[in-house]
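Residue-level structural notes
The primary structure of each chain is shown beneath.
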Amino acid sequence: MPIKPHIRTTLLFCILAGTASIAQAQFPAAPLIPKPQFVELTDDAAANFIRIGHNSALELDPLHETACGRVATLLSSQLATGIDSAASITLLIDTSVKHPEGYMLRYGREGVVITGGSESGLYYGAITLLQLLKQNGGSILYPFTIIDKPRFAWRGMHLDVSRHFFSVEEIKRYLDLLAMYKMNVFHWHLTDDQGWRIEIEKYPLLTQVGGYRDETLIGRPSEKMKFDGQRHGGFYTQAQVREIVAYAAERHISVVPEIEMPGHSRAALAAYPQYACTDGPFKTATSWGVFEDVYCAGKDETFNFLTDVLDEVMALFPSQFVHIGGDECPKTRWKACAACQKRLQTEGLKDEHELQSYFIKRIEKHVNSRGKTIIGWDEILEGGLAPNAAVMSWRGTEGGIAAAKAGHYVVMSPGKPCYFDHYQAQETQNEPLAIGGFNPLEAVYAYEPIPAGITPEQAGYILGAQGNVWTEYMPTFDQVTYMALPRMAALAEVLWTNPANKDFQDFTKRLTAHKVIFDASGYNYYGKAVLKNTKKSTKK
Ligand code: ACM
Ligand code: ZN
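About the thresholds
- Residues numbered from 1 in each chain as written.
- Chains lettered and ligands numbered in written order.
- Predicted model: local features only at pLDDT ≥ 70, side-chain atom pairs only at ≥ 80, totals over all residues.
- Heavy atoms only, no water.
- Donors = N, O, S within 2.8 Å, 3.2 Å for Na, K, Ca; no water.
- Tetrahedral: all angles 85-135°; square planar, octahedral: opposite > 155°, others 65-115°.
- Buried < 20%, exposed > 50% of the residue type's maximum accessible area, 1.4 Å probe, protein only.
- Axes fitted to C-alpha atoms, helices over the stretch in contact; angles between N-to-C directions.
- Helix = DSSP H or I, 4+ residues; strand = E, 2+ residues; numbered from the N terminus.
- Parallel < 35°, antiparallel > 145°, perpendicular 65-115°, else oblique.
- Left-handed = near helix turned anticlockwise from the far one by under 90°.
- Contact = heavy atoms within 4.5 Å.
- Nonpolar A, V, L, I, M, F, W, Y, C, P; charged D, E, K, R; others polar.
- Salt bridge = Lys/Arg side-chain N within 4 Å of Asp/Glu carboxyl O.
- Pairing = 2+ DSSP bridges.
- Phe/Tyr/Trp six-rings, centres within 6.5 Å; stacked < 30°, edge-to-face > 60°.
- Lys NZ or Arg CZ within 6 Å of the ring centre and 35° of its normal.
- Expected span 1.5 Å × (residues − 1).
- Polar contact = N/O pair within 3.5 Å; in protein donor to acceptor, adjacent residues only side chain to side chain.

**Describing the coordination of the zinc ion (ligand 2)**
For the zinc ion (ligand 2), the protein coordination sphere consists of C277 (SG), C296 (SG), C337 (SG) and C340 (SG), at 2.3 Å. Because the angles between the four donor atoms bound to the zinc ion (ligand 2) fall within 106 to 113°, the donor set is best described as tetrahedral. Given the relative accessible area of 0%, C296 is considered buried. Judged by relative accessible area, C337 falls into the buried class, the value being 7%.

And the structure:
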């Protein structure tokens, strides 16, 4: 087939194809991640190869000028400088796109036009355009149309800042990655046994005491990494939290804060031991694991403390969801505590699992009274699920299935393949220390969040899935991105792209171009270099 007259015989086209049919076959393989739902080359005789840069004219939908202006600002801040361009980019919002996160991205005689179903859809269209331009040196090679929308509503990534603390700038770098992959939920694991990371004005000791830990020198999880005997810590002021929430919102990412209860609460109890079953004193945990000292479920003061904390947290985070943890709460102290046992009696509870359920339901009532919804790890099913709670299924998918069958919203995050603290390589001797076994890229890519054996109606309760990055063995941000990349990209495609369009070989080809972006942006990633654990210490 001859080259169509509208296609200029640039060097690129000589290399690419020479025929439109080959070019058409190639464009859908353009290295976009996540892969769009529909891509086609169009036959627009007036459109040719164009370059787009910082000085491209941005035309805004007059009916949605403010929303389009926000996307235009973000887009132009990332368009390359030094590219001379006469091309225009038109940004429109039109509800006929139907899906609020959907968009149409066209390049034709009228230049580039992005039409979003809402501001979010428009934003995702802009992200697609940026990926194309980054991979093509600021050029668009031929007229095309992309019609796209996400498969799932919850496209999440988690980060544990308790085991190791990461700076505001590092959190923003992490959010930039989520944005690039159209992930829209950042689950911020802010409290745990090893550190309380969010300033609470009414309880300053939470960060002053609970924000720091003295790492033990005893015990060696591996010869590769000893505990270091150093002081570690840090926290985010409320002003910094607001800054991060705003940064995320500009990128259409909702930040879901996690405040762990009733377990994983040693850092809080180091600061305020009166909310434990025994008198303490307690220290912020000096090693990893599950600890028996947890919030006392018998004392009303515990609930007053936690609802005060949650009120300050909810005022900082616009997210509909508040994560209240709920995982791995040993019942040892509750069994021996007079106040907890009295609570069992007065509330007519059968056992300590029902006491945990009482705890979560009481917290839920408060959170609901503020118009918000709780989400918790799947242990919150034990002893009876709180009436409006959503469940994050991490111990496999059974918890998620049970919750969906009971008509509760679910986020799937089973350890395999959603825990990105597990090894990426089968041979681990050259890998930095990790835990949890082998969880390769291919397994993440193959993940199907809708489990077999549930009805379409029940499947409707599965909001999506999430990748979790627990940082016991990630003392630096370089190591965080090493573990998250490229698995985050694979999960992004799981959550965005229809299964019929997925293909692992094709994904790995596209990923090659993304590694160039990681290199250019200074992100460490698996496959680039092997990183040994290097510990850092934050002195108070
Ligand atoms: C968890 O990994 N304990 C939720
Ligand atoms: Zn107690």
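**Structural notes on the packing of helix α5 (residues 168-180) against helix α17 (residues 477-484)**
For the pair α5 and α17, interaxial distance at closest approach is 11 Å and the crossing angle is 15°. Considered as vectors, α5 and α17 are oriented roughly parallel to each other. As for how α5 packs across α17, the hand of that crossing is right-handed. Where α5 abuts α17, its residues E170, R173, Y174 and L177 lie against F477, V480 and T481. A per-class count over the contact of α5 with α17 returns four nonpolar, one polar and two charged.

**With respect to the pattern of salt bridges**
A side chain with one charge can pair with a side chain of the opposite charge if their charged atoms come near. On inspection of all chains with the given rule, the structure shows 26 salt bridges. Among the salt bridges present, the one from E119 reaches R70, with a minimum N-O distance of 2.7 Å. Of the two residues, E119 is situated in helix α4 (residues 119-135) and R70 in helix α3 (residues 65-78); the sequence distance between them amounts to 49 residues. Looking at E119, the relative accessible area reads 18%, which means it is buried. Judged by relative accessible area, R70 falls into the partly exposed class, the value being 44%. Taken together, the shared-partner salt bridges in this structure form one network comprising K35, E493, D506 and R510.

**Topic: the sheet that holds strand β4 (residues 88-93)**
Pairing is mixed across the open sheet formed by six strands, whose spatial order is β1-β8-β5-β6-β4-β3. Both edges of this open sheet fall to β1 (38-41) and β3 (57-60), since each of them pairs with a single strand only. Put simply, the sheet's adjacent strands are angled 10° from each other on average, direction ignored. Where β1 and strand β8 (residues 144-148) come together, four bridges link them in antiparallel fashion. Along β8, the bridge assignment pairs L41 with F144.

**Some points on the environment of P318**
By the secondary structure assignment, P318 is in the loop between α9 (300-316) and β16 (321-325). Sequence separation between P318 and I360 is 42 residues; the distance between their C-alpha atoms is 21 Å. Sequence-distant contacts of P318, that is, excluding residues within four places in its chain, are made with V245 and K372.

**Looking at the packing of aromatic side chains**
Under the criterion given, the structure shown has 28 aromatic pairs. An aromatic cluster is defined as three or more aromatic residues linked by ring pairs; in this entry it consists of F165, Y174, F186, W188, Y236 and F317. The ring of F303 is capped by R362, whose NZ or CZ atom sits 4.1 Å from the centre of that ring.

**Things to note about the sheet that holds strand β15 (residues 254-261)**
Taken together, the eight strands give a closed barrel; going around it, the order is β9-β10-β15-β16-β17-β18-β19-β20, and neighbouring strands pair in parallel fashion. Taking each pair of neighbouring strands and ignoring which way they run, the sheet shows an average axis angle of 30°. Both strand β17 (residues 373-377) and strand β18 (residues 390-393) contribute to a ladder of three bridges, which runs parallel. Paired with I375 across the two strands is A390, which belongs to β18.

**What about the pairing of strand β10 (residues 185-189)?**
Summarising burial for β10: five of the five residues are buried, a large majority. Residues of β10 alternate between two faces, with V185, H187 and H189 on one and F186 and W188 on the opposite face, all of them buried. Bridge analysis of strand β9 (residues 154-160) against β10 gives five bridges, and the strand direction is parallel. Counterpart to G156 in the pairing with β10 is V185. With five bridges connecting them, β10 and β15 associate as parallel partners. Following the sheet pairing, F186 is matched in β15 by V255.

**Quick word on α4**
Over its 17 residues, α4 runs 25 Å from end to end, which matches the ideal 24 Å to within 8%, given 1.5 Å per residue. Where burial is concerned, most of α4 is hidden: 16 out of the 17 residues are buried. Between a side-chain oxygen at the N-terminus of α4 and the backbone nitrogen of S120 the separation is 3.1 Å; the capping residue is S118. Of the residues trailing α4, G137 is marked for its positive phi of about 60°.

**Describing the side chain of T471**
Positionally, T471 belongs in the loop between β20 (462-467) and α17. With relative accessibility at 0%, the residue T471 sits in the buried group. Looking at T471, its side chain comes within polar contact range of the main-chain oxygen of D160, at 2.8 Å. In this structure T471 touches L159, D160, R163, H164, F166 and V480, once residues within four positions along its chain are discounted.

**Describing unusual backbone geometry**
Cis rather than trans, the peptide bond between M261 and P262 has omega equal to -15°. Among the secondary structure elements, P262 is positioned in the loop between β15 and α8 (266-271). Cis geometry is found at the peptide bond from K416 to P417, where omega equals 15°. You can see P417 is positioned in helix α14 (residues 415-418). The phi angle at K98 is positive, at roughly 80°, despite the residue not being glycine. Along the polypeptide, K98 turns up in the loop between β4 and β5 (103-108). A relative accessible area of 74% means that K98 is categorised as exposed. The phi dihedral of H264 falls on the positive side, at around 50°, and the residue is not glycine. You can see H264 is positioned in the loop between β15 and α8.

By themselves these figures say nothing about function.
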